[in-house]
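The lines below spell out each chain.
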Amino acid sequence: MVVGTGSTQVEGLVPGLKLVHEILTVEEEADLISLIEASQPARSPYDPDNPRSSTSYGWKYDYGTDSFVACDPMPQGFRSVAQKAADLAGVRPEDLAECLLNRYEAGAIIQPHFDKPVWDHVIGISLGAPTTMQFSRQGEASALEVAIALPPRSMYLLAGDARHVWQHSLPPMAATRWSITFRDFSEEGRRRHAQAA
Ligand SMILES: O=C(O)CCC(=O)C(=O)O
């Protein structure tokens, strides 16, 4: 099933998922894309054949060493969108420990995954080409799947079951898409971060 017309429809399908359309003007979207490009996003050494490039600000979690890594502070130009993300998640903008920028070229994917338990809320802003986020979970008899349309300038929140029960993935991109992902620390993340600091 593909759902593409706003938050009220998706919340019942995947509990804990919120989707808000048109949170940015076209001009604001273009400015954010320029800022992402200026950050010189780099391919992941753990996924070198996937044409997806990233930059992290604040704190990132390194999958190779299984630990937090301090990054440059988030530039001012992301402040306004960080405030919108914090408002959607019901947290303070200063609690958003990671600001992750992604550029997906045509063909780039995200495999089905749960975000690391060191993070609590996950808030994503979509820019450029539209895509669908595919959610899957094991039901009693068979796997359940729901695909949610992510148009440019929309913002989603993953919390509750959408974070911990349903895996999410992105199919191969048809054209270039950019995204901004904000994450705050979970209890476990706060503990691990205090040890690392
Ligand atoms: O680009 C997105 O919106 C999804 C990013 C994502 O799932 C991730 O970084 O774990």
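The subject of this paragraph is the site of the ligand. Near the ligand you find Arg 52, Leu 100, Tyr 104, His 113, Asp 115, Met 133, Tyr 156, His 168, Leu 170, Arg 177, Ser 179 and Arg 183, and these make up its full shell. Tyr 104 has a polar side-chain atom sitting 2.5 Å from an oxygen atom of the ligand. Here an oxygen atom of the ligand sits 3.1 Å away from a polar atom, N or O, in the side chain of His 168. Contact with the protein chains removes 95% of the 290 Å² of surface that the ligand exposes when unbound. Of all elements in the fold, only strand S6 (96-104), strand S12 (167-170) and strand S13 (177-185) reach the threshold of two or more residues within the shell around the ligand. Of the residues forming the shell around the ligand, the biggest block, three residues, is contributed by S13. Here the shell around the ligand is composed, by residue class, of five nonpolar, three polar and four charged.

Three or more residues of helix H3 (residues 79-89) are buried, namely Val 81, Ala 82, Ala 85, Ala 86, Leu 88 and Ala 89. Angular distribution of buried residues about the axis of H3 spans 160 degrees; they occupy a single face of the element. Residues of H3 that are exposed and point over 90 degrees away from its buried face: Arg 79 and Asp 87. Close packing links the buried residues of H3 with strand S2 (17-20), helix H2 (26-38), S6, strand S8 (119-128), strand S11 (155-158) and S13.

Let us now look at the environment of His 193. With respect to the secondary-structure elements, His 193 resides in helix H5 (residues 187-196). The class for His 193 is buried, based on a relative accessible area of 17%. Note: C-alpha distance between His 193 and Trp 59 (134 residues apart in sequence) is 9.1 Å. Among the polar contacts made by the side chain of His 193, one reaches the side chain of Trp 59 at a distance of 3.3 Å.

This next bit is on the confidence of the model for the protein. Averaged over the protein, the pLDDT score is 92; the fraction of residues at 70 or greater is 94%. Under a pLDDT of 50 for its full length, residues 1-6 has, in the predicted model, 17 contacts with residues more than four places off or in other chains.

On to the packing of aromatic side chains, then. With the rule as written, the count across this model stands at seven aromatic pairs. Aromatic ring contacts, followed pair by pair, group Trp 59, Tyr 61, Tyr 63, Phe 68, Trp 119 and Phe 185 into a single cluster.

What follows concerns the pairing of S8. Burial runs high along S8: nine of the ten residues are buried. Sheet topology note: the S8/S13 ladder contains eight bridges and is antiparallel. Bridging from a neighbouring strand, Gly 128 pairs with Arg 177 of S13.

Unlike most non-glycine residues, Glu 22 shows phi in positive territory, near 50 degrees. Within the fold, Glu 22 resides in the loop between S2 and H2. At Arg 153, a residue that is not glycine, the phi angle is positive and equals roughly 75 degrees. Here Arg 153 lies in the loop between strand S10 (143-150) and S11.

Now for the nonpolar core. One broad trend across soluble globular proteins is that nonpolar side chains are buried collectively. Grouped together as the largest cluster of nonpolar side chains are 26 residues, with contacts concentrated most on Phe 78, Val 81, Ile 123, Ile 125, Leu 127, Ile 180 and Phe 182. At the level of secondary structure, the elements contributing two or more residues to this core comprise H2, H3, S6, S8, S11 and S13. Broken down by element, this core gets its largest block of residues, six residues, from H3. Leu 127 has contacts with Leu 24, Glu 29, Leu 32, Ile 33, Ile 36, Pro 152, Arg 177, Trp 178 and Ile 180, leaving out every residue within four places of it along the chain. By size, the runner-up hydrophobic cluster in this structure holds 18 residues, among which are Val 122, Val 146, Tyr 156 and Met 173.

Rules used throughout
Residues numbered from 1 in each chain as written. Predicted model: local features only at pLDDT ≥ 70, side-chain atom pairs only at ≥ 80, totals over all residues. Heavy atoms only, no water. Near = heavy atom within 4 Å. Polar contact = N/O pair within 3.5 Å; in protein donor to acceptor, adjacent residues only side chain to side chain. Areas by Shrake-Rupley, 256 points an atom, 1.4 Å probe, with all protein chains shown as cover. Helix = DSSP H or I, 4+ residues; strand = E, 2+ residues; numbered from the N terminus. Nonpolar A, V, L, I, M, F, W, Y, C, P; charged D, E, K, R; others polar. Buried < 20%, exposed > 50% of the residue type's maximum accessible area, 1.4 Å probe, protein only. Arc of directions from axis to C-beta. Contact = heavy atoms within 4.5 Å. pLDDT = per-residue confidence, 0-100. Phe/Tyr/Trp six-rings, centres within 6.5 Å; stacked < 30°, edge-to-face > 60°. Pairing = 2+ DSSP bridges. Core = buried A, V, L, I, M, F, W, Y, C linked by side-chain atoms within 4.5 Å.

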